[in-house]
2 protein chains.
Amino acid sequence: MTISIIGLGLIGGSLALSLRQHGLASHLIGLENNPSYAKRALELGLVDIIAADLASAVAPANLIIVAVPMDAMLTILPQVLDLVTDGQIVIDVGSTKHNLLAAVAGHPRRRQFVAVHPMAGTEYSGPDAAVRGLFEGKTLVVCDADASHPAAVATVEALFRALPMRVLHLGAADHDLHTAYVSHISHLTSFALALTVLEKEQRGEQRIFDLAGGGFASTVRLAKSAPATWVPIFRQNRENVLDVLDEHLVQLNKLRDLLAGQDYAGLTTQLEQANEIRKIIP
Amino acid sequence: MTISIIGLGLIGGSLALSLRQHGLASHLIGLENNPSYAKRALELGLVDIIAADLASAVAPANLIIVAVPMDAMLTILPQVLDLVTDGQIVIDVGSTKHNLLAAVAGHPRRRQFVAVHPMAGTEYSGPDAAVRGLFEGKTLVVCDADASHPAAVATVEALFRALPMRVLHLGAADHDLHTAYVSHISHLTSFALALTVLEKEQRGEQRIFDLAGGGFASTVRLAKSAPATWVPIFRQNRENVLDVLDEHLVQLNKLRDLLAGQDYAGLTTQLEQANEIRKIIP
């Protein structure tokens, strides 16, 4: 199968590695608007060639994967659909779905497009961030599958199941709500935590960083993530993210008030309740 | 060297394993007020024997390590100092220092006591949480070393350097301020994040948990931590924790307002600033 990947960053690049590793791509074509990324993707062997433009990336491919930031996705995905002919399949790998699916809802090639979100990533970006095995054992969400050709859905699912990934079907609205809770809010709190500590450091508290142990590193890790990736995600999923952020502020303020009021029994009850997360994230 | 460890949880148990592994303890005595923990510590071979009471744990030891939660620490450490005779050394491994050092400031055996904080841990607790290598490559903070015999400080530092750990000297007040920033706030935000998601789940959003990827797991991991460990830490370091929590609420509200106001340029600037944490946590 000839596969073209538009966007050779963390997700596009890691997909290239995984597809090649599992023998799923006989020929890999890349398109990348950042020239240094394009050069690096070739050096790393992520793709076999870099296409000159979108038309020449799309034409020879059985499958086109659009793996660009969510803002670019809204313009590039319709352009790709404009270019495809019968038998070609297009997927996005975007982190938000509602606005994207609305943008292609009336497109004559809509049924050749399958909306998927591989629930995997790291805090790094660009082709150098591509890692083998990123998707292994993770979940692939397929959104609004009814709007796609059953054969296209079957082909795409078989491809990702081979990585291997678990497949989960969700409506686009449900997807955006749930990812706000399990992914987007984690990034926002991590960014805020980094800003909190850096604010203190500006006041000369350099010593903080000699002390950073595993707990701090794991909660602040996501704050290294690229704004070019995350601002478009927050923008596309703004209402859900604000909803969960407001709930988080309620919970943080509750803990704050219990501590300020020296209500340690109440604080214990809250932390015991938080411990219930053990049942879900073993 | 005969070493007694009072409290055979995550830290006490892991220290037992590390001291044994590096040939630093010829005989290990444990004391544990939870009978099932005491039984388990023997089964796991963390210690050679369990002492009947505090006096018989302290008497034969060259070094006594007090590794109990911070509330119990405030009463047990003075009791241990009451029991020691010339030549014995006592350390605590507590996460807060100011109140503890104030509690033993006038004790006639104060100079035989060295206040240390090994900056290492996991979200698990009890003797089953004890892991080999927990302290390897981590930082040991020695607090207010001037209040201890230089020979006692040298003995304790040599012991921890052999694990191997890096040694850092800090005043107790500085220690409590900095740990609020690098450890205590991470735990509070993680507890609040778990409560946020569980609140949503109570409303029937079970699906959330099918989607939880690596980002969520790493930010919410600390919410599995024991309230019996953490409430006493928040209590003993209440002013610093409230100070950093209030700064964190300012930063979170700033991000919220930028998103609510659709100021994506402003949001980008903030996230770029948060990225500076890369320089500190590589």
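Quantities reported herein were computed from a predicted structural model and do not represent experimental measurements.

Peer 1: Any chance you could break down the pairing of strand β7 (residues 139-143) of chain B for me, citing the residues and the numbers?
Peer 2: All names here are of chain B. Most of β7 is tucked away: four of the five residues are buried. Both strand β6 (residues 113-118) and β7 contribute to a ladder of four bridges, which runs antiparallel. Residue pairing in the sheet places H117 in a bridge with V141 of β7. Note: β7 against strand β8 (residues 166-170), five bridges, orientation parallel. Residue V142 lies in a different strand from β8, and its bridge partner there is H169.

Peer 1: Tell me what's going on with the environment of L15 of chain B, and back it up with residues and numbers.
Peer 2: Residues and elements named next belong to chain B. When you line up the elements, L15 lands in helix α1 (residues 10-21). Owing to 30 C-beta atoms within 10 Å, L15 belongs among the buried residues under this scheme. Apart from the residues within four sequence positions on either side, L15 is in contact with I5, I65 and A67.

Peer 1: Give a description of the interface of chain B and chain A that names residues and reports values.
Peer 2: With 81 residues of chain B at the contact, the number on the chain A side is 81 residues. For the side of chain B that touches chain A, the secondary structure elements donating two or more residues are β7, α7 (172-202), α8 (208-211), α9 (214-220), α10 (227-236), α11 (238-260) and α12 (264-274) of chain B. A total of 22 residues in the side of chain B that touches chain A trace back to one element, the largest contributor, which is α7 of chain B.

Peer 1: Which residues make up the sheet that holds strand β6 (residues 113-118) of chain A, and what values do they have?
Peer 2: Think of a sheet as strands paired side by side through backbone hydrogen bonds, with each pair either parallel or antiparallel. Residues and elements named next belong to chain A. Ordered by their spatial adjacency, eight strands build an open sheet running β3-β2-β1-β4-β5-β6-β7-β8, and the pairing between neighbours is mixed. Each edge of the sheet is formed by a strand with only one pairing partner; in this case those strands are β3 (49-50) and β8 (166-170). Packing of helix α4 (residues 70-83) onto the sheet brings it into contact with β1 (2-6), β4 (63-66), β5 (89-92) and β6, and relative to β4 it is tilted by some 165 degrees. Packing against the sheet, helix α6 (residues 150-161) makes contact with β5, β6, β7 (139-143) and β8, and its axis sits at approximately 25 degrees to β6.

Peer 1: Describe the pairing of strand β4 (residues 63-66) of chain B, listing the residues and the values that go with them.
Peer 2: Residue and element names in this part refer to chain B. Side chains L63 and I65 project from β4 onto one buried face, and the interleaved I64 and V66 project onto a second face that is buried too. Relative to β4, strand β1 (residues 2-6) is paired through four bridges, and the arrangement is parallel. Note that in β4 the partner of I6 across the bridge is V66. With four bridges joining them, β4 and strand β5 (residues 89-92) adopt parallel strand pairing. Of the residues in β5, the one forming a bridge with I64 is V90. Taken together, β4, helix α4 (residues 70-83) and β5 form a β-α-β motif whose crossover is right-handed.

Peer 1: Outline the relation of the copies chain B and chain A, supporting the account with residue identities and numerical values.
Peer 2: Least-squares fitting of chain B to chain A yields an RMSD of 0.0 Å, with the transformation described by 0.0 Å of translation along the axis and a rotation of 180 degrees. Both copies are brought into coincidence by an operation consistent with a two-fold rotation axis. Among all residues of chain B, the minimum C-alpha distance to the rotation axis is found for T219 of chain B, at 2.3 Å. When the interface residues of chain B are mapped onto chain A, 100% of them are again interface residues, pointing to one common binding face.

Peer 1: Can you tell me about the domain arrangement of chain A, naming the residues and giving the values?
Peer 2: All names here are of chain A. Domain annotation of chain A identifies domain 1 (2-171) and domain 2 (175-279). The gap between the C-alpha centroids of domain 1 and domain 2 is 30 Å. Counting residues at the interface gives 15 residues for domain 1 and 14 residues for domain 2. Mapped onto the side of domain 1 that touches domain 2, the elements with two or more residues apiece are α4, α5 (98-103) and β7. By residue class, the composition of the side of domain 1 that touches domain 2 is five nonpolar, seven polar and three charged.

Peer 1: An account of unusual backbone geometry is requested, with residue identities and associated values reported.
Peer 2: Residue and element names in this part refer to chain A. Residue L163 is joined to P164 through a cis peptide bond whose omega torsion reads -5 degrees. Summarising the element assignment, P164 is placed in the loop between α6 and β8. The phi angle at D144 is positive, at roughly 45 degrees, despite the residue not being glycine. Here D144 shows up in the loop between β7 and α6.

Peer 1: Please set out the confidence of the model for chain A residue by residue, giving values where relevant.
Peer 2: In this model, chain A carries a mean pLDDT of 94, and residues with pLDDT of at least 70 account for 96%. Here the complex is predicted with pTM 0.91, and the ipTM for its interfaces comes to 0.93.

Peer 1: Talk me through the sheet that holds strand β3 (residues 49-50) of chain B; I want residue IDs and the actual numbers.
Peer 2: Residue and element names in this part refer to chain B. Strand order in this open sheet of eight strands is β3-β2-β1-β4-β5-β6-β7-β8, and the pairing throughout is mixed. Across the chains shown, the open sheet's two edge strands, defined by having one partner strand only, are β3 and β8. Packed on one face of the sheet, α1 meets β1, β2 (27-31) and β4 and runs near 165 degrees to β1.

Peer 1: Describe the nonpolar core, naming the residues involved and giving the relevant values.
Peer 2: With 194 residues, the main nonpolar core has I6, I65 and V66 of chain A together with I6, I65 and V66 of chain B as its most contacted residues. Those residues within four positions of I65 of chain A in sequence are excluded, and the remaining contacts are I3, I5, I6, G12, L15, I91 and V93 of chain A.

Peer 1: Hey, could you go over the packing of helix α9 (residues 227-236) of chain A against α12 of chain B for me, with residue numbers and the actual values?
Peer 2: For the pair α9 of chain A and α12 of chain B, the least separation of the axes is 10 Å and the interaxial angle reads 140 degrees. Judged on the interaxial angle alone, α12 of chain B and α9 of chain A are oblique. The interaxial crossing formed by α9 of chain A with α12 of chain B has right-handed handedness. Residues P227, W230, V231, F234 and R235 of chain A of α9 of chain A form the contact with α12 of chain B, whose participating residues are Y264, L267, T268, L271 and E272 of chain B.

Peer 1: Provide a residue-level description of the packing of helix α10 (residues 238-260) of chain A against α11 of chain B, including the pertinent values.
Peer 2: Interhelical geometry of α10 of chain A versus α11 of chain B gives an angle of 160 degrees and a closest axis separation of 11 Å. Classified by the angle between their axes, α10 of chain A and α11 of chain B sit roughly antiparallel to one another. Between α10 of chain A and α11 of chain B lies a crossing whose hand is left-handed. Across from R238, V241, L242, L245, L249, L252, R256, L259 and A260 of chain A in α10 of chain A, the residues of α11 of chain B making contact are R238, V241, L242, L245, L249, L252, R256, L259 and A260 of chain B.

Analysis parameters
- Residues numbered from 1 in each chain as written.
- Chains lettered and ligands numbered in written order.
- Predicted model: local features only at pLDDT ≥ 70, side-chain atom pairs only at ≥ 80, totals over all residues.
- Buried ≥ 20, exposed ≤ 12 C-beta atoms within 10 Å, placed from the backbone.
- Helix = DSSP H or I, 4+ residues; strand = E, 2+ residues; numbered from the N terminus.
- Pairing = 2+ DSSP bridges.
- Contact = placed C-beta atoms within 7 Å.
- Axes fitted to C-alpha atoms, helices over the stretch in contact; angles between N-to-C directions.
- Right-handed = clockwise from strand over helix to strand, strands pointing away.
- Least-squares fit on C-alpha atoms with pLDDT ≥ 70 in both.
- Domains from an automatic or database assignment.
- Nonpolar A, V, L, I, M, F, W, Y, C, P; charged D, E, K, R; others polar.
- pLDDT = per-residue confidence, 0-100.
- Core = buried A, V, L, I, M, F, W, Y, C linked by C-beta atoms within 7 Å.
- Parallel < 35°, antiparallel > 145°, perpendicular 65-115°, else oblique.
- Left-handed = near helix turned anticlockwise from the far one by under 90°.

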